[in-house]
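# Summary of structural features
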Amino acid sequence: MFMEKYIVEKEVIRTKYGSICIENVEFTPDELQKMLPQIILDEENLKYMFSENELNKFSKFKIFRRFIPKDVPYELTLDYVTRSISENKNFYSFLAEGILGLVYRDLYSYQLSKGLIDMLHTVNDTHTGVDACMYDKQNSVVILGEAKFYEDLNQGINQIIADFTEKNIKNKIESLETAVENDMSSYEIAIKNIDKQIYEEYSLCEFLNQKIIFAGFVLHSEKSTLGYDAIDFYDRYNVTSEMLKENIKKSLNIDEIKADYNIVILHIPIKNKKDLIMKIIEMANEKLEELRGDICE
């Protein structure tokens with residue numbers, strides 16, 4: 001479904017950038033935006049994003065409700081969305097977190113190992129942990145995801161870079177932490193494989209010294225896609241795996257990291273953030289009405 005479009009690999013600094021397209025859909029903000037609501041609300045994709053093995057009427061009802069602002073009359077939804085976007089650049093960011101999991105699943109066959117945190121809350125909730133954790137068991141690679149839904153691509157990518165290389169990354173690592181024998185200082189990382197319903201445990205040192213891909217994703221507004229095919233388009237961004245390692249060592253007060261880290265930052269352009277949100281809310285409401293009719297029969 002999702003495919004790589006224009007990809008630039010910077011092997012020396014272990015970073016990769018690229019724009020994403022949708023199979024059999026013209027690579028324009030207009031056409032991508034038209035297709036995304038159908039992809040997001042597809043039942044198989046909802047099961048993946050919300051970590052559900054099966055969807056019955058009641059579980060679908062709960063999921064569709066998550067796409068709709070609470071305590072906002074439908075006739076006031078447009079005003080609410082418009083105001084929220086202007087006041088909070090992270091508004092509805094859980095949508096990008098959901099798409100992040102789908103993109104990396106389709107491109108690299110990575111499987112979610114931890115449910116998307118904000119996908120299980122509301123349209124306004126934010127958190128400081130990882131937005132997604134994926135696992136490639138065959139190659140023993142952990143993928144930690146960071147997603148943004150911004151109107152501006154540059155702001156989105158730069159914020160992801162800042163999150164990886166400047167901000168205290170301790171909270172992101174701790175969001176994978178679980179108490180071991182009631183000792184929170186043990187820093188045992190427990191990653192749950194959703195498909196098998198089992199946990200794999202690592203000490204903090206073991207976790208940090210395996211191969212980790214730090215995966216960024218930006219869903220953003222754009223008037224056109226001109227320039228994305230230029231080889232030097234992503235030269236404006238400054239991030240390396242060494243910068244990432246140094247931030248982790250500083251944040252967690254450790255001396256050395258021996259593992260290989262890679263950074264992958266991908267993005268999808270849409271025409272307008274507000275219009276996409278409104279379309280998803282409209283479609284979610286329609287599906288809710290259909291379910292109400294079925295449940296009441």
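This one's a predicted model, so the numbers in the text were calculated from it and none came from an experiment.

What counts, and at which threshold
- Residues numbered from 1 in each chain as written.
- Predicted model: local features only at pLDDT ≥ 70, side-chain atom pairs only at ≥ 80, totals over all residues.
- Heavy atoms only, no water.
- Helix = DSSP H or I, 4+ residues; strand = E, 2+ residues; numbered from the N terminus.
- Buried < 20%, exposed > 50% of the residue type's maximum accessible area, 1.4 Å probe, protein only.
- Contact = heavy atoms within 4.5 Å.
- Areas by Shrake-Rupley, 256 points an atom, 1.4 Å probe, with all protein chains shown as cover.
- Phe/Tyr/Trp six-rings, centres within 6.5 Å; stacked < 30°, edge-to-face > 60°.
- Lys NZ or Arg CZ within 6 Å of the ring centre and 35° of its normal.
- Pairing = 2+ DSSP bridges.
- Axes fitted to C-alpha atoms, helices over the stretch in contact; angles between N-to-C directions.
- Parallel < 35°, antiparallel > 145°, perpendicular 65-115°, else oblique.
- Nonpolar A, V, L, I, M, F, W, Y, C, P; charged D, E, K, R; others polar.
- Salt bridge = Lys/Arg side-chain N within 4 Å of Asp/Glu carboxyl O.

### Here we look at the overall build of the protein chain
The secondary structure content of the protein chain amounts to 10 helices and 10 strands. Here the protein chain holds 297 residues, and 53% of them are scored as buried. Within the protein chain, counting contacts between residues at least 6 apart in sequence, those at least 24 apart form 69% of the total. Element-wise, carbon and sulfur atoms account for 44% of the exposed surface of the protein chain, whose accessible area totals about 14500 Å².

### Focus on unusual backbone geometry
In this structure, Asn24 is a non-glycine residue whose phi angle is positive, near 65 degrees. By the element assignment, Asn24 lies in the loop between strand E2 (15-22) and helix H1 (29-40). Of note, the phi angle at Asn253 is positive, near 55 degrees, even though the residue is not glycine. Within the fold, Asn253 resides in the loop between helix H9 (241-252) and strand E10 (261-270).

### Thoughts on the packing of aromatic side chains
A full pass over the atoms with the stated rule returns 16 aromatic pairs. On the numbers, 5.5 Å between centres and 75 degrees between planes, the contact of Phe164 with Phe214 is edge-to-face. Here Phe164 is found in helix H6 (residues 153-165), whereas its partner Phe214 is found in strand E9 (residues 211-221), with 50 residues between them in sequence. Each residue in the set Tyr6, Tyr17, Phe27, Tyr228, Phe233, Tyr234 and Tyr237 is aromatic and connected to the rest through ring pairs, giving one cluster. Across the ring face of Phe233, the terminal group of Arg236 is positioned such that the distance to the ring centre comes to 4.2 Å.

### Overview of the side chain of Asp163
Tracing the backbone shows Asp163 in helix H6. Among residues more than four places away in sequence, those in contact with Asp163 are Glu146, Lys148, Lys172 and Asn247.

### What to know about the pairing of strand E1 (residues 2-10)
Sheet analysis places E1 next to E2, joined by eight bridges and oriented antiparallel. When the sheet's bridge partners are listed, Glu4 is paired in E2 with Ile20. Linkage of E1 to E2, two consecutive antiparallel strands, is achieved through a turn of four residues, within which Arg14 is found at a positive phi near 55 degrees.

### Looking at the packing of H6 against H9
Direction vectors running N to C along H6 and H9 enclose 50 degrees, while the axes themselves pass 7 Å from each other. Classed by the angle they form, the pair H6 and H9 counts as oblique. Within the contact between the two elements, H6 uses Asp163, Phe164 and Thr165 and H9 uses Met243, Leu244 and Asn247. For the contact of H6 with H9, the residue count by class is three nonpolar, two polar and one charged.

### Here's the deal with the pattern of salt bridges
A complete count under the given rule lists 13 salt bridges for this structure. Measuring nitrogen to oxygen at the nearest pair gives 2.9 Å for the salt bridge that ties Asp163 to Lys148. Placement of Asp163 in helix H6 and of Lys148 in strand E5 (residues 141-150) is noted, with a sequence separation of 15 residues between them. The same class applies to Asp163 as to Lys148, namely buried. With a closest N to O distance of 3.0 Å, Glu246 and Lys249 form a salt bridge. With a gap of three residues between them, Glu246 and Lys249 both fall in helix H9, about one helical turn apart. Residue class for Glu246 comes out partly exposed when judged on its relative accessible area of 46%. Among the charged side chains, a salt-bridge network with shared partners connects Glu146, Lys148, Asp163 and Lys167.

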